[in-house]
Amino acid sequence: MNYFLGLLKNLDKKIILIIGLLATISLVIIYSVTYPDGFVLNSSLRDIIIQALAYVLGGICAIIILMIDYKSYSNFEKFLYIGSILVLLTVYIPGLGYEQYGARSWIRIPGVTTLQPSEFVKLSFAILMAMYLSKNRDSLDTFKGIFMAFLYGAPFIIIVVKEDLGSAIVYCAMWALMVFYAGIDYKLLLKLFLAFCACVPVMFLVMADHQKDRILAFLHPNDLTLPGNYHVWMSKIAIGSGGLFGKGLFNGTQKELDFLPVQKSDFIFSVICEELGLIGGLVVILLFTALLYRFAVIARDAIDLYGALIVIGLIGMFGFQIFENIAMTMGIMPVTGITLPFLSYGGSAILSNMAAVGLILCVGIRSKQINF
């Protein structure tokens, strides 16, 4: 216990502070969305309680993860790999997995809650890829080495992409950033990028219909008959109408009149900008920037490549999700259903995000001298 308490003295308190601020903003904006005195009268405190509970449970998960030395995960590589694949496949079990928002990426636990397995497997994916790349770093300057690294992560991406393109892209972003950090040859990286671009038309042909619709909607933003475009238009109106200082908390008209869709999760940033204006939106972006910077500092100071790669993978996860969600609300990225970390409503996402922070802090506290 004394050893763990000594480790806790190395905890990055700035990260804890930023997470606390984001959690507060999340609860306030969710309350604004469900505010009972607005035009939409079907609201309650249930969502706020669930979100707060998710943060509490997520905090407990983070503390448990902090207590476990991340190096010990390497002893369970095969179990983690197979177990993660099986967890992803649970969405195909009849009566357990179900479809929501056009994607069969959820499981329903009767009488308890719903969970999105891909959210939790992102953590094990970062750990597993970090294990592989730290052991095979010298092979990354050859096409064979990169291809083998891709094959190692491919089962996760293939399983997820069939039903949830957004989550699959997050996995790809994590993989790409980790491989880049591990030391891929730049010329080889350029060749792989060109090969990927050449494969895009083929990839489009094999996508599910709802995935094709979202891509087409992004390419034709003025066609409001295409799925998602109406939502983006309403989002842009909400963001623009907020002006510099916003309409005031609880006073967003796009939100209150229910023109803005999925207000608690996918488009929560639009609510922030409508009610708190450009200033509120910038504050959120600055908090995220500071958070990613603190994560990068931990990656830089990690005592081994394995720990650094874990953090880099999770930076890729958070960074892409933040960029994609905010850009999506402005119409400069396709609508994918990716939520905004720490702000969007959703128990699975909050638990996963908090666990990821716990894993990053775990690397951080074990990278410094222990003071008793």
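That block above? That's the structure.
Residues numbered from 1 in each chain as written. Predicted model: local features only at pLDDT ≥ 70, side-chain atom pairs only at ≥ 80, totals over all residues. Heavy atoms only, no water.

**Some details on the overall build of the protein chain**
For the protein chain, the helix and strand inventory stands at 14 helices and three strands. Sorting the 372 residues of the protein chain into buried and exposed places 49% on the buried side. Of the contacts formed within the protein chain by residues at least 6 apart in sequence, a portion of 71% connects residues at least 24 apart. (Helix = DSSP H or I, 4+ residues; strand = E, 2+ residues; numbered from the N terminus. Buried < 20%, exposed > 50% of the residue type's maximum accessible area, 1.4 Å probe, protein only. Contact = heavy atoms within 4.5 Å.)

**Some details on helix α14 (residues 347-365)**
Taking 1.5 Å per residue as the helical rise, α14 with its 19 residues ought to reach 27 Å, and the 27 Å between its terminal C-alpha atoms agrees with that figure. Among the 19 residues in α14, 18 count as buried, and that is most of the element. (Expected span 1.5 Å × (residues − 1).)

**Topic: the packing of aromatic side chains**
Throughout the structure, instances matching the rule amount to eleven aromatic pairs. Taking 5.7 Å as the distance between ring centres and 45° as the angle between the ring planes, the aromatic pair formed by Tyr70 and Tyr306 counts as tilted. Separated by 236 residues along the polypeptide, Tyr70 in the loop between α3 (46-67) and α4 (77-89) and Tyr306 in helix α13 (residues 305-330) bring together distant segments of the chain. As far as burial versus exposure is concerned, Tyr70 and Tyr306 are alike and both buried. On the basis of an interplanar angle of 70° and a centroid distance of 5.2 Å, the ring pair of Phe125 and Phe156 is categorised as edge-to-face. (Phe/Tyr/Trp six-rings, centres within 6.5 Å; stacked < 30°, edge-to-face > 60°.)

**Focus on the packing of helix α10 (residues 229-241) against helix α12 (residues 268-301)**
Contact pair α10 / α12: the axes reach a minimum separation of 6 Å and the direction vectors enclose 30°. Comparing the axis directions of α10 and α12 gives the class roughly parallel. Here the hand of the crossing between α10 and α12 comes out left-handed. Only Ser270, Cys273 and Glu274 of α12 make contact with α10, whose side of the interface consists of Ser235, Ala238, Ile239 and Ser241. (Axes fitted to C-alpha atoms, helices over the stretch in contact; angles between N-to-C directions. Parallel < 35°, antiparallel > 145°, perpendicular 65-115°, else oblique. Left-handed = near helix turned anticlockwise from the far one by under 90°.)

**Here's the deal with unusual backbone geometry**
Its identity as a non-glycine residue notwithstanding, Phe342 has a phi of 70°, on the positive side. Locating Phe342 in the fold gives a position in the loop between α13 and α14.

**Some words on the packing of helix α2 (residues 13-33) against α12**
The interhelical angle for the contact between α2 and α12, taken along N-to-C directions, is 160°, at an axis separation of 10 Å. Relative to α12, the element α2 lies roughly antiparallel. Crossing of α2 against α12: the hand is left-handed. Across the contact of α2 with α12, the residue classes tally to 20 nonpolar, one polar and three charged. (Nonpolar A, V, L, I, M, F, W, Y, C, P; charged D, E, K, R; others polar.)

**Section: the nonpolar core**
By size, the foremost hydrophobic cluster in this structure holds 97 residues, and its most contacted members are Tyr73, Leu133, Phe156, Phe295 and Phe342. Aside from chain neighbours lying at most four places away, what touches Phe156 is Tyr81, Ser84, Ile85, Leu88, Val121, Phe125, Leu128 and Tyr171. (Core = buried A, V, L, I, M, F, W, Y, C linked by side-chain atoms within 4.5 Å.)

**What about the pattern of salt bridges?**
For the structure on display, the rule yields eight salt bridges. Asp12 is paired through a salt bridge with Arg294; the nearest N and O atoms lie 3.0 Å apart. Of this pair, Asp12 sits in the loop between α1 (2-8) and α2 while Arg294 sits in helix α12, and the two are 282 residues apart along the sequence. Sharing partners across several salt bridges, the network here consists of Asp69, Lys71 and Arg366. (Salt bridge = Lys/Arg side-chain N within 4 Å of Asp/Glu carboxyl O.)

**Comments concerning the environment of Ile169**
Position of Ile169 among the secondary structure elements: in helix α7 (residues 165-182). For the pair Ile169 and Phe320, spaced 151 residues apart in sequence, the C-alpha separation works out to 8.8 Å.

Geometric values such as these leave the question of function open.
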